[in-house]
Amino acid sequence: MTEREKTSAGAEARRAVPAKAWRPTDEPLRQDMLLRYLGAVATVSAKQAAARRPTVPETAPAGRVKKSAEPSGAEPAPLLVRDVMDIPAASVRGDMPFLDIARSLTREHLGSLPVVDADDRVMGVVSESDLLAKAAVEASGYEPGPIGRLRERRLHDKARAETAETLMTTPAVTVFPGSTVAEATWLVSLSRLKRLPVTDHEGRLVGVVHRNALLNALIRDDAGIREEIELRILAEHFPAARNTVEVDVRNGVVDVRGQMAEDEVPRLLAEIKDIDDVTEVIDHLKLVTG
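Sequence positions are assigned chain by chain, starting from 1 and proceeding in written order. Reporting of local features is limited, given that this is a predicted model, to residues whose pLDDT is at least 70; pairs of side-chain atoms are given and counted only at 80 or more, and all residues count toward the totals for whole chains, interfaces and linings. Hydrogens and waters are ignored; side-chain quantities use all the structure's heavy atoms.

Trainee: Honestly, the pairing of strand 5 (residues 205-210) in this entry has me stumped. Any pointers?
Mentor: Every regular strand shows the same layout, with side chains that alternate between the two sheet faces. Pairs of strands are assigned from DSSP output, requiring at least two bridges between the strands. By the criteria applied, helices consist of DSSP H or I runs no shorter than four residues and strands consist of E runs no shorter than two, each listed in order from the N terminus. Pairing of strand 4 (residues 195-199) with strand 5 involves five bridges; the strand directions are antiparallel. If you follow Thr199 over to strand 5, its bridge partner there is Leu205. Taken together, strand 4 and the strand that follows it, strand 5, pair antiparallel across an intervening segment of five residues, in which Gly203 is found at a positive phi of about 85 degrees.

In structure tokens form, the structure reads like this:
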């Protein structure tokens, strides 16, 4: 990602946090959440790219690819869009009039809706901005001159539109149900959208996925991190230390306390650092020698 794209994605991620009164003390937490969000996207994307890379043994016949066997204890399959999308998805028909579109947006408490044809194929997206452009031009009566700015002329052209099909923004940015959450998150970050229509491979609308749902799917809370450390790392790899080591997690920072055999401490700390959503590990362990 370029610096500009990172800045844009960062702003969008911060807006995804439920609205509340801003306080100066909240900013470090918001920044930490943003870093964990972008780190999670990058980590998941890298793992999926590696998983999709086939291995071709030297003895394999030409033109045939043999998939590598799943290693024991492999990580669970990545979350897919179908796991977090909402069904059914509200939509409007292409021939729906202007006022009915406004009523639909108000009724659904949404800022935009997919526009579909008679076969439920997504043609575009109509938003409050599209409606406001028409309303503003009609209310002001302003008409751009022959050398008016291109944007002003486009707004004036949109003011003449009467249906969803003529008001909508096209083409629509969509995602498949089988796409990974990480892939959908990149789309949301780069397109600066709050909702993505989910379509099948024929372009038919099957659901919608919200930015907040993607964010929550990628960032585990502190309780989830602690559970993984206790149930997977300590219980399976360091059973002797399970009752002598305590773990506290706050905003992705893991504080490890208690006592443990000196030769096992580096491996424990390394495994905790490898957890995707961990930002820092603080070692307060008392070493046991002999």
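Trainee: Explanation requested: the pattern of salt bridges in the structure shown.
Mentor: Once their charged atoms are close, side chains differing in charge can pair, the charge on each being opposite to the other. Salt bridges are counted wherever a side-chain nitrogen of Lys or Arg sits within 4 Å of a carboxyl oxygen of Asp or Glu. All told, the structure shown has nine salt bridges when counted by the stated rule. Across the pair Asp119 and Arg121 runs a salt bridge whose closest N-O atoms are separated by 3.2 Å. Among the residues examined, Asp119 registers a relative accessible area of 46% and is labelled partly exposed. Across the pair Glu230 and Arg226 runs a salt bridge whose closest N-O atoms are separated by 2.9 Å. In this pair, Glu230 and Arg226 both sit in helix 10 (residues 222-237), four residues apart, roughly one turn of the helix. Exposure classes here rest on a 1.4 Å probe applied to the protein chains alone. A residue is buried below 20% of its type maximum, exposed above 50%, and partly exposed in between.

Trainee: Sorry, what's going on with the nonpolar core here?
Mentor: Nonpolar side chains in soluble globular proteins tend to end up buried together. Counting residues in each nonpolar core, the largest one holds 20 residues, and the members touching the most others are Ile229, Val245, Val254, Val256, Met260, Leu268 and Ile272. Aside from chain neighbours lying at most four places away, what touches Val245 is Leu234, Val256, Arg257, Gln259, Met260 and Leu285. Side-chain atoms within 4.5 Å are what join buried Ala, Val, Leu, Ile, Met, Phe, Trp, Tyr and Cys residues into a set we call a nonpolar core. Ranked by size, the runner-up nonpolar core spans 14 residues in total, among them Phe98, Leu105, Leu113 and Leu131. Contacts are residue-level and defined by heavy atoms, with any inter-residue pair within 4.5 Å sufficient.

Trainee: Honestly, the packing of helix 8 (residues 181-191) against helix 9 (residues 211-218) in this entry has me stumped. Any pointers?
Mentor: In a packed pair of helices, the relevant descriptors are the angle between the two axes and the axis-to-axis distance. Two elements in contact, helix 8 and helix 9, have axes whose closest approach is 10 Å; the angle formed by their N-to-C orientations is 135 degrees. Between helix 8 and helix 9, the angle falls in the class oblique. Like other packed secondary-structure pairs, helix 8 and helix 9 cross with a definite hand, here left-handed. Residues Val181, Ala184, Thr185 and Val188 of helix 8 touch helix 9, and the partners they reach there are Arg211, Leu214, Ala217 and Leu218. Asp, Glu, Lys and Arg are counted as charged, while Ala, Val, Leu, Ile, Met, Phe, Trp, Tyr, Cys and Pro are counted as nonpolar; the rest, among them Gly, fall into the polar class. Of the residues contributing to the contact of helix 8 with helix 9, the split by class is six nonpolar, one polar and one charged. Axis definition: a line fitted to C-alpha atoms, limited for helices to the stretch in contact. Angles are taken between N-to-C directions and run from 0 to 180 degrees. By the definition adopted for this analysis, an angle is roughly parallel if under 35 degrees, roughly antiparallel if over 145, roughly perpendicular if from 65 to 115, and oblique otherwise. In a left-handed crossing the near helix is turned counterclockwise from the far helix by less than a right angle, and in a right-handed crossing that turn is clockwise.

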